[in-house]
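Take a look at the letters that make up each chain.
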Amino acid sequence: TRIDKAGHKHFMAKEIAEQPGVIGQALSHYLTDEGEILLPGDGIDFSSIDRISMAACGTASYACMAAKYWFEQIARLPVEVDVASEFRYREPPIPARTLALFVSQSGETADTLAALRFCEGKAQSILSVVNVPESSIARESDLVLPIYAGVEVGVASTKAFTCQLTVLYLLVLKAAKDRGVLSEAALADHISALRGLPSVINTALEQNTAMRDAAYKLSTARDVLFLGRGHMFPLALEGALKLKEISYIHAEAYASGELKHGPIALVDEEVPVVVFAPRDVLFDKTVSNMQEVMARKGKVILVSDAEGIAEARDGVWATIEMPKIADALTPILYAIPAQLLAYHTAVAKGTDVDQPRNLAKSVTVE
Ligand code: G6P
C-alpha cells in the first residue's frame, strides 16, 4: 500500500493527527468488550516475575522510563531502564525471575537487538514491544506485543511513542492484576480511563493554535529547557529530544527538582523553559521550581490543565491547556504538546521536518 501525507504538509503532522485512531486500534487489540486484557499466545504471568529490565534507544527509551514509573507505582514491580547502547557493556548481573523487555518502533535498531541477544545469552525470557511484527527484534523474542501504530514515516517518532505507552500501560495493568496488587474495581477504573484516551487526545490536538503560537516564540531561542517531575520527567526528555531532532535548537530536559543543582545557572531572559505540570500530587513542587525560573527572568511555557493554569499562570510567558485525564495517563496525553511544540518550531524555522539532517529512521549500526 502506498503511504501518502493525506493532505498534511508533512508525514509527522499526519502521524501526530492519527494518534487518537491508532491508540484506539491498539486498545481494541488488547481489550475485550468486558474489559479483560488479552495478550497474544500464552501471554505472560507476572506472578512469577520479581523484576523487569528494560532497554531501548531514543524515544522508545523514554517510553520505557515512563513505564518504569507505572510498573513501580501501579504493579509494585521494580524496573531498571537502560539505553540499549550501554546495557550489555555494563555487564549487569541478572537475577532469576527477571523479565527482559525491549521497546522498538522499527524492531531493527542495532543497539537494542544487541541488548536483546545479551539477555538471550543469559537465558532470560524476552518480551518485546514493537511496531513492525516481522522485524528482527520481534523474531528473536519469546513474546511480542505489537503496537498497531501503522507505518511511521517521519524520522522523529510520534504515534509509535504514544502507542508504545498505551501497550506498556496495559502490560502494567496485567502485571498489577497477576500480582494481586490492584482490586477489580481499581482495574476497571484504569481500563475505563484508557478507553477514554482517544477522545481526550483529540481534545488536546484541538489546542494546535496555542501550541503553534508558543512554538513561534521558541523558534528564535538558542537553548530551551524542559522540566517535569515524576512521570512527567520522561515527557520532558521526549520534548527536548523532539525539539533537537527537527528544529536543531539545543534543548535539555531535567527533573524539576534537579534544576537547582546546576542547570538553573543557565537561566536568563534568553532561555525559554517548557514546564509539563498537570494538576497532580506533584504540581505544587513543580510550580515552585517554575517560580525559581521566573525569578531569574526565565520565560516559562506552562503546559497544564485548566485548574493548574488558573492556579499558576501569574507571570508565565505562555500557557498550553491540556484536558483533564486520570493522573496515571498524563504521560500519554502530554506527548501531544511535546510533539507539536517541536513540529511547529521546525516549521517556523523551515527545517526538513520528516528527514532531519544526520538522522535515520532506523539505525542498524552500533
Ligand atoms: C532512531 C530514530 C529515533 C528512534 C530511535 C529508536 O534514532 O531517529 O526517532 O527513537 O532510532 O528507534 P526504534 O525503531 O528502535 O524505536
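Residues numbered from 1 in each chain as written. Predicted model: local features only at pLDDT ≥ 70, side-chain atom pairs only at ≥ 80, totals over all residues.

By the naming in an unreviewed UniProt entry, the chain is Glutamine--fructose-6-phosphate aminotransferase [isomerizing], taken from Sulfitobacter noctilucicola. The Function (unreviewed entry) field of the UniProt record for the chain holds the comment "Catalyzes the first step in hexosamine metabolism, converting fructose-6P into glucosamine-6P using glutamine as a nitrogen source." Here is the UniProt Subunit (unreviewed entry) comment for the chain, exactly as written: "Homodimer." (UniProt positions renumbered as here; feature names shortened; annotations may be inferred.)

## What to know about the overall build of the chain
Counting secondary structure elements, the chain contains 15 helices and ten strands. Its C-alpha atoms give the chain a radius of gyration of 20 Å, near enough to 21 Å, the size a compact globule of 366 residues would have. Seen along its three principal axes, the alpha-carbon backbone of the chain occupies a region of about 55 × 45 × 40 Å. The buried share of the chain, reckoned over its 366 residues, is 52%. (Helix = DSSP H or I, 4+ residues; strand = E, 2+ residues; numbered from the N terminus. Rg over C-alpha atoms; globule rule 2.2 N^0.38 Å. Buried ≥ 20, exposed ≤ 12 C-beta atoms within 10 Å, placed from the backbone.)

## Some points on the packing of helix H11 (residues 233-247) against helix H15 (residues 335-349)
If you want to describe how two helices pack, look at the angle between their axes and the distance between the axes. At a minimum axis distance of 9 Å, the contact between H11 and H15 shows a crossing angle of 20°. Classified by the angle between their axes, H11 and H15 sit roughly parallel to one another. For the element pair H11 and H15, the recorded crossing hand is right-handed. Residue-level inspection shows Leu235, Glu238, Gly239, Lys242, Leu243, Ile246 and Ser247 of H11 in contact with H15, the latter providing Ala335, Ala338, Gln339, Leu341, Ala342, Thr345, Ala346 and Lys349. For the contact of H11 with H15, a count of residues per class yields eight nonpolar, four polar and three charged. (Axes fitted to C-alpha atoms, helices over the stretch in contact; angles between N-to-C directions. Parallel < 35°, antiparallel > 145°, perpendicular 65-115°, else oblique. Left-handed = near helix turned anticlockwise from the far one by under 90°. Contact = placed C-beta atoms within 7 Å. Nonpolar A, V, L, I, M, F, W, Y, C, P; charged D, E, K, R; others polar.)

## Some remarks on the site of the ligand
Around the ligand there are 15 residues in total, and Gly58, Ser104, Gln105, Ser106 and Thr109 lie nearest to it. Of the residues in the shell around the ligand, the class split is six nonpolar, nine polar and no charged. (Near = placed C-beta within 6 Å.)

## Description of the nonpolar core
By size, the foremost hydrophobic cluster in this structure holds 126 residues, and its most contacted members are Val172 and Val275. Those residues within four positions of Val172 in sequence are excluded, and the remaining contacts are Ala67, Trp70, Phe71, Ile74 and Ala75. (Core = buried A, V, L, I, M, F, W, Y, C linked by C-beta atoms within 7 Å.)

## Details of the sheet that holds strand E8 (residues 272-276)
With parallel pairing, five strands are arranged side by side in an open sheet as E7-E6-E8-E9-E10. Among the strands making up the open sheet, the edge pair consists of strand E7 (250-255) and strand E10 (318-322). Each strand axis lies, on average, 20° off the axis of its neighbour in the sheet, ignoring direction. Summarising the sheet, E8 and strand E9 (residues 299-305) pair through five bridges and their orientation is parallel. The partner of Val273 across the bridge, within E9, is Val300. (Pairing = 2+ DSSP bridges.)

## Considering the packing of helix H3 (residues 58-74) against helix H7 (residues 159-178)
Packing of H3 against H7 brings their axes to within 9 Å, and their N-to-C directions diverge by 25°. Between H3 and H7, the angle falls in the class roughly parallel. H7 is crossed by H3, and the crossing has right-handed handedness. Where H3 abuts H7, its residues Thr59, Ala60, Ala63, Ala66, Ala67, Trp70, Phe71 and Ile74 lie against Phe161, Gln164, Leu165, Leu168, Tyr169, Val172, Ala175 and Ala176. Looking at the contact of H3 with H7, its residues break down into 14 nonpolar, two polar and no charged.

## A look at unusual backbone geometry
Although it is not a glycine, Tyr248 sits at a positive phi angle of roughly 65°. Inspection of the secondary structure assignment puts Tyr248 in the loop between H11 and E7. A positive phi angle is found at Asn358, which is not glycine, with a value near 70°. Examined against the element boundaries, Asn358 turns out to sit in the segment after H15.

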